[in-house]
Amino acid sequence: MTAEGLETEKKYDVDDGTSLPDLAAIPGVAGVGDPHQAELEAVYFDTGDLVLASRRITLRRRSGGADAGWHVKLPPDAGAAAGSGSASEEGPGQRREIHAPLGQADVVPGKLLAYLHAYLRGADPVPLARLNTRRTTHALYGDDGVHLADFVDDAVDAELLQGAGGKPAGQKQQWREWELELVHGEPEVLKSAAAVLAAAGARPSANESKLRRALGAAPTAQAKETEGTGVTDGTVAPDGGGKQPGGRKPGKQWPASAVVSAYLAGQISEILANDARVRLEEPDAVHAMRSATRRVRSALAVYRKLYGRGAVGRLRDELKWLGRILGTPRDAEVMLDRLRTNTGELPAGEGADDVRRRIERELGTRLDAGYRKTQEVLLTDRYFRLLDDLEDFRDHPPVLPAAGAPARKTARKLVRKSAKRLRRAHKAAAQAKDGAGDRPGMELKEATAHETALHQVRKDAKRLRHAAETVDPLFGKRAAKLAKAAHKQQKILGDHHDSVMARIFLGKLAGGPDLPEPVASAYGSLLKREQKSAAKAEAKYRKAHRKSRKAIQGGVG
């Protein structure tokens, strides 16, 4: 069994002879508990090249103390740049902490590995360092008796079990440090304590973890994460606030490639963050990971002329493969939810029960097989290579001269092309409808040319939406308005496509030989419902298209 929490703490370096301050003098602290002592032994695990440490991830097995067991500590957004959100002199550091029972000393629990596979990428973590800590803990309480925080005084003996960080195996260190970790208090407690602890001789720690101190200057992924956002002459673009998840907000004077890199960084972070959620089969995780995959693919398509054709083509092909793998369980899940709702509205009777069981069996099998295949793929070298290639593209984009042009001018032109592509798709769908003749019968077991054309409109609307998202930092409200208009069309036509796929699925089930009349009647009712649903969605799309025509033609200005 695993447990998860969010650790918020502030670490301090102190000299061996430093005396404890009067903890009751910390503003907001009304009482201090009796000291509690514990002997802790922790073995830290990582790869030989410190893959986990480079991303601010800690894996350890600790015995002694109240929380003995295996621990994984992750940045709140584990897919973001390593080093972001770390502790500093101005504020505390936060990390997600996942616990598992002690188990075997050299076998990392599978549920903890689920959080690490996207970073280990086939490498095995090995024992890296052993830390023995003599810990004295003082509980801090507020006026109302609430346990605000724990003040911890640690005396640490560290030994490297593998050579790392430029230090040889067997090297030993000793140091003393203080930690103030929130329990039920607010972050203001940590800020209030800073002056009291500083007056006693404490200094904000230069290391966010004991392992980092034992290793010395460990490599960080921060340089990798930002390297690709520079202009083509190698200079680094100026910092801004984070706009995309895990990325930085591009400035209006940045080159076009920097805007794309910032967007890609955010979506790559989403893929990495959702990797573990997919492995653990958490709700909506497949959808979230698939959406991020599609966003990357769309951005590469829109901005493909800024980069070398071969690199973009290979990445888009591999992203399409991953999207198809993730799509199998997701599509089965969506259809199963849809048909569960619809069959629940059928008149009670033997026919409805038979249809319901058949649908559950067919789609349940498809869903289970899709999840099994997804789990297998997420452990393959091909998938890990894709992650490597995505980060390499982000960090070292194969830019062409056009990528150094001003972002606003280049992005405006490329977004306009995506809008034009959507308008062409709409015209093609209208022409396909005009040439379709009579409405298809309910027995039709494949999509019509018009339905296929509408699906293309949906894909092009999604592409335009993603293109508009990439330029939100540059064009603000105009980009948001365009993305909203495209998303509305995409969503409506998504409902239309779901109805078409459900009709095709039901048509195949209903085409079985010698169906009893009540079963055939139940299928007929469901098919009529899907036909009406598709017609309703198409009417909504035509209305949305008319209302959004001006926004889409105007682009981002």
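So, a few notes on the structure that sits alongside this text. (Residues numbered from 1 in each chain as written. Predicted model: local features only at pLDDT ≥ 70, side-chain atom pairs only at ≥ 80, totals over all residues. Heavy atoms only, no water.)

Broken down by element type, the protein chain carries 16 helices and 10 strands. Counting across all 557 residues of the protein chain, residues that qualify as buried make up 49%. Taking all contacts inside the protein chain whose residues are at least 6 apart in sequence as the whole, residues at least 24 apart take part in 76%. As displayed, the protein chain has an accessible area near 26100 Å², and 50% of this comes from carbon and sulfur atoms. (Helix = DSSP H or I, 4+ residues; strand = E, 2+ residues; numbered from the N terminus. Buried < 20%, exposed > 50% of the residue type's maximum accessible area, 1.4 Å probe, protein only. Contact = heavy atoms within 4.5 Å. Areas by Shrake-Rupley, 256 points an atom, 1.4 Å probe, with all protein chains shown as cover.)

With the rule as written, the count across this model stands at 40 salt bridges. Of the charged contacts in the structure, one is a salt bridge between Asp-275 and Arg-279, with a shortest N-O distance of 2.5 Å. In this pair, Asp-275 and Arg-279 are both assigned in helix H7 (residues 256–279), 4 residues apart and thus about one turn of the helix distant. The pair formed by Asp-275 and Arg-279 is uniform in burial state, with each residue classed as buried. (Salt bridge = Lys/Arg side-chain N within 4 Å of Asp/Glu carboxyl O.)

Inspection of the secondary structure assignment puts Asp-150 in strand E8 (residues 147–160). For the buried Asp-150, which has no salt bridge, the nearest side chain bearing the opposite charge is Arg-135, at an N-O separation of 8.1 Å. Polar contacts involving the side chain of Asp-150 include one to the side chain of His-147, which spans 2.7 Å. Aside from chain neighbours lying at most four places away, what touches Asp-150 is Thr-137, His-138, Ala-139, Glu-179, Leu-180, Glu-181 and Val-183. (Lys, Arg positive; Asp, Glu negative; His and termini not counted. Polar contact = N/O pair within 3.5 Å; in protein donor to acceptor, adjacent residues only side chain to side chain.)

So, about unusual backbone geometry. Although it is not a glycine, Asp-284 adopts a positive phi angle of roughly 70°. Mapped onto the elements of the fold, Asp-284 is located in the loop between H7 and helix H8 (285–302). Phi is positive for Asp-514, close to 55°, though the residue is something other than glycine. Within the secondary structure, Asp-514 is located in the loop between helix H15 (477–510) and helix H16 (517–554).

The next point concerns the packing of helix H10 (residues 350–377) against H16. Packing of H10 against H16 brings their axes to within 7 Å, and their N-to-C directions diverge by 65°. When the axis of H10 is compared with that of H16, the two are roughly perpendicular. Judged by the twist between their axes, the crossing of H10 over H16 is right-handed. The residues of H16 that touch H10, namely those facing Gly-351, Ala-352, Asp-354, Val-355, Arg-358 and Ile-359, are Pro-518, Val-519, Ala-522, Tyr-523 and Leu-526. (Axes fitted to C-alpha atoms, helices over the stretch in contact; angles between N-to-C directions. Parallel < 35°, antiparallel > 145°, perpendicular 65-115°, else oblique. Left-handed = near helix turned anticlockwise from the far one by under 90°.)

Take the pairing of E8 next. For a regular strand, side-chain orientation follows a simple rule: the groups alternate between the two sheet faces. Counting buried residues in E8 gives 11 out of 14 residues, a clear majority hidden from the surface. Relative to E8, strand E7 (residues 126–141) runs antiparallel, the two sharing 13 bridges. Bridging from a neighbouring strand, Thr-133 pairs with Val-156 of E8. Counted along the chain from E7 to the antiparallel partner E8, the turn is 5 residues long, and its residue Gly-145 has a positive phi close to 85°. (Pairing = 2+ DSSP bridges.)

Another aspect to go through is the environment of His-450. Inspection of the secondary structure puts His-450 in helix H13 (residues 449–470). When the C-alpha positions of His-450 and Ala-432 are compared, they lie 4.8 Å apart, and in sequence the two are 18 residues distant. Here His-450 is in contact with Ala-429, Ala-432, Lys-433 and Glu-538, once residues within four sequence places are set aside.

Taking 1.5 Å per residue as the helical rise, H10 with its 28 residues ought to reach 40 Å, and the 40 Å between its terminal C-alpha atoms agrees with that figure. Of all the positions in H10, only Gly-351, Ala-352, Val-355, Ile-359, Leu-363, Gly-364, Leu-367, Gly-370, Tyr-371, Thr-374 and Val-377 are classed as buried. In the core, the buried residues of H10 are packed alongside H7, H8, helix H9 (309–343), helix H11 (381–395), H15 and H16. (Expected span 1.5 Å × (residues − 1).)

Relative to the assigned elements, Ser-54 resides in helix H1 (residues 51–54). Relative accessible area serves as the criterion here: at 8%, Ser-54 is assigned to the buried category. Side-chain polar atoms of Ser-54 contact the backbone oxygen of Val-51, separated by 2.7 Å.

Tallied over the entire structure, the rule returns 4 aromatic pairs. When the centroid spacing of 5.1 Å and the interplanar angle of 45° are considered together, the rings of Phe-45 and Trp-70 count as tilted. Taken as a pair, Phe-45 in strand E3 (residues 36–46) and Trp-70 in strand E5 (residues 69–74) lie far apart in primary sequence, 25 residues in all. Per residue, the accessibility class of Phe-45 equals that of Trp-70, and both read buried. Residue placement shows Arg-382 over the ring face of Trp-321; its charged tip is 4.0 Å from the ring centre. (Phe/Tyr/Trp six-rings, centres within 6.5 Å; stacked < 30°, edge-to-face > 60°. Lys NZ or Arg CZ within 6 Å of the ring centre and 35° of its normal.)

Residues Tyr-303, Ile-359, Tyr-383 and Val-471 are the most contacted members of the largest nonpolar core, which totals 106 residues. Non-local contacts of Val-471, meaning those with residues more than four positions away in its chain, are made with Tyr-303, Ala-411, Val-415, Gly-476, Ala-479 and Val-556. Counting 18 residues, the second largest nonpolar core, distinct from the first, contains Tyr-12, Val-29, Ala-149 and Trp-178. (Core = buried A, V, L, I, M, F, W, Y, C linked by side-chain atoms within 4.5 Å.)

This part is about a positive patch on the surface. Together, Lys-484, Lys-488, Lys-491, Lys-536, Lys-540, Lys-543, Arg-546, Lys-547 and Arg-549 give the surface a local cluster of positive charge. Broken down by secondary-structure element, the contributors of at least two residues to the positive patch are H15 and H16. At 6 residues, the largest contribution of residues to the positive patch is made by H16. Along the chain, Lys-488 turns up in helix H15. (Patch = residues over 30% accessible without salt bridge, like charges linked within 9 Å, V, L, I, M, F, W, Y side chains within 5 Å. Charge placed at Lys NZ, Arg CZ, Asp CG, Glu CD.)

Another aspect to go through is the environment of Ala-123. Within the secondary structure, Ala-123 is located in the loop between helix H3 (117–120) and E7. Between the C-alpha atom of Ala-123 and that of Gly-48, which follows or precedes it by 75 residues, the distance is 9.2 Å.

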